[in-house]
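Residue-level listing of the chains:
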Amino acid sequence: MSMILRGVRVLELAGLAPGPHCGMILADFGAHVIRVDRPSNGGTKWIGGGGVKWLARGKRSLILDLKRPEGVTVMRKLCRQVDVVLEPYRQGVMEEFGLGPEILQKDNPRLIYARLTGFGQSGRLSKVAGHDINYLALSGVLSKLGRSNETPYAPLNLLADFGGGSLTCALGIVLALYERTQSGKGQVIDANMVEGTAYLSSFLWKSQNAGLWSQPRGKNLLDSGAPFYETYRTSDGKFMAVGAIEPQFYALLINGLGLNCAELPHQWSISDWEEMKKKFADTFAKKTQAEWCKIFGGTDACVTPILSLEEATLNEHNLERGTFITDEDHKVSPRPAPLLSRTPAVPSTKRDPLEGEHTIEILQEFGFSQEEINQLNLAKVIEIRKPKSNL
């Protein structure tokens, strides 16, 4: 089966989670992704690998010291033969190495140079450190997240790192690859978490004038203000999610709860929402999650169980769809999305690569002789690591 990005060669410079996730997306859809890892004696040590090791599906690994002139020479030779470079460093770092886009695209005019950062390639914060929560804050989105009378909260590190960061960058790479089929030229992609998250929140900006966010945080329709767009605890300590906005769905919710619409305030009486939330909470607390699933399952009441990660893998709908996949180490992860009818992603089920596991074979593929590889290894410009035998 042919995958849409088959034949596309990508060099991913190892970095924090958004870069590895972007590279994994490309690998899942058929690209040949080579991760360029740092030597063991260099670079910042990240908590748990920072996503480098967790998001390595379908990739191969080469260890190369870019702080050495010989390492830069190797990198330039690699870049002459690839389609995409994916780099996650702050503005100016690659230029200091002598590996900026001006140099690499002079060597290879078809090269797509994707820069994935927090604050972008220009502006006063372009050289400043940050994490998901900081990018989310600067985008304006964080100010809208959180319950009433509580401080804003970031929903894990999903919105900026992955929604605004890696997914937006992957889109940029695919767009640039498509444009290259017409122009024959590469280009530089400035993907960053602040602007990516802001773009992701376009609905929030566009809907402001319609009054959707006219109330303080936590008091609006979609931010936990409405009793019919909320989460509720069940008698067994689990939770249900309610999203019954439309009147026909709301009627099904009220019916399933065993309540009477005629005895309740109007659905859109905002002044009564707090009282309604208490009534809904009291009602949900009288039955288990399984009992509520039996009542609402298969209906249009927009009421679903809140599943743990483990429970999500066992959910009947998800099982029928094949939403989760298992690798040869019996580790479960989500299947790539979206699903293409003719050229779907075929994610690797092999174990994730060790850092430097493929150093020799990658360099050989790019035209390095065994003597050159031996010299680079002796000079510690590269590192070669072999998987330990299970014997």
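Every residue gets a number counted from 1 within its own chain, in the order that chain's sequence is written. In keeping with the predicted nature of the model, local features appear solely for residues at pLDDT of at least 70, side-chain atom pairs appear and are counted solely at 80 or more, and the whole-chain, interface and lining totals rest on all residues. Heavy atoms from the whole structure form the basis of all side-chain values; hydrogens and water molecules are not counted.

Draft legend 1. Here's a closer look at a nonpolar patch on the surface. Each patch groups residues whose relative accessible area exceeds 30% and which form no salt bridge, using 9 Å between like charges and 5 Å between nonpolar side chains of Val, Leu, Ile, Met, Phe, Trp and Tyr. Exposure was quantified through the Shrake-Rupley algorithm and a 1.4 Å probe, taking into account, for residues, occlusion by the shown protein chains and nothing else. Each salt bridge in this description consists of a side-chain nitrogen of Lys or Arg and a carboxyl oxygen of Asp or Glu lying within 4 Å of one another. A cluster of nonpolar side chains, namely Leu125, Val128 and Leu138, defines an oily patch on the protein surface of about 230 Å² accessible area. Its location among the elements puts leucine 138 in helix H5 (residues 132-139). Helix and strand definitions follow DSSP, with helices as H or I runs of at least four residues and strands as E runs of at least two, each counted in order from the N terminus.

Draft legend 2. Region of interest: the environment of glutamine 121. As for its placement among the helices and strands, glutamine 121 is situated in the loop between strand E5 (112-117) and H5. Per-residue accessibility, obtained with a 1.4 Å probe over protein chains only, is compared with the maximum for each type, and a residue is labelled buried under 20%, exposed over 50%, and partly exposed between these values. For glutamine 121, a relative accessible area of 17% corresponds to the buried category. Here the alpha-carbon distance between glutamine 121 and alanine 226, two residues 105 residues apart in the chain, equals 40 Å.

Draft legend 3. Geometry of the domain arrangement of the protein chain. Each domain of the protein chain was delimited in the assignment, giving domain 1 (9-201 + 329-383) and domain 2 (229-306). Segment limits for the domains were obtained from an automatic or database-derived domain assignment. Summarising the inter-unit geometry, the C-alpha centres of domain 1 and domain 2 are found 43 Å apart.

Draft legend 4. Seen up close, helix H1 (residues 18-28). Summarising burial for H1: eleven of the eleven residues are buried, a large majority. Of the residues making up H1, those classed as buried are Pro18, Gly19, Pro20, His21, Cys22, Gly23, Met24, Ile25, Leu26, Ala27 and Asp28.

Draft legend 5. Structural view of the packing of aromatic side chains. Centre distance within 6.5 Å is the pairing criterion for rings of Phe, Tyr and Trp, where only the six-membered ring of Trp is used; planes under 30 degrees apart are then read as stacked, over 60 as edge-to-face, and the remainder as tilted. Tallying each qualifying case throughout the model produces nine aromatic pairs. With a centroid separation of 5.7 Å and an interplanar angle of 90°, the aromatic rings of phenylalanine 228 and tryptophan 273 are classed as edge-to-face. With a gap of 45 residues between them, phenylalanine 228 in the loop between helix H9 (221-225) and strand E7 (229-233) and tryptophan 273 in helix H11 (residues 273-284) connect regions that are remote in the sequence. Taking relative accessible area as the criterion, tryptophan 273 reaches 4% and is therefore assigned buried. Centroid distance tyrosine 232 to phenylalanine 284: 5.1 Å. Interplanar angle 10°. Geometry classified as stacked. Pair noted here: tyrosine 232 is in strand E7 and phenylalanine 284 is in helix H11, with a separation of 52 residues, a long-range link. Relative accessible area serves as the criterion here: at 4%, tyrosine 232 is assigned to the buried category. Following the ring pairs from residue to residue traces out a cluster consisting of Tyr232, Phe280, Phe284, Trp292 and Phe296. Whether a charge sits over a ring depends on NZ of Lys or CZ of Arg being within 6 Å of the ring centre and within 35 degrees of the ring normal. Between lysine 77 and the ring centre of phenylalanine 368, over which it is positioned, the NZ or CZ distance is 4.3 Å.

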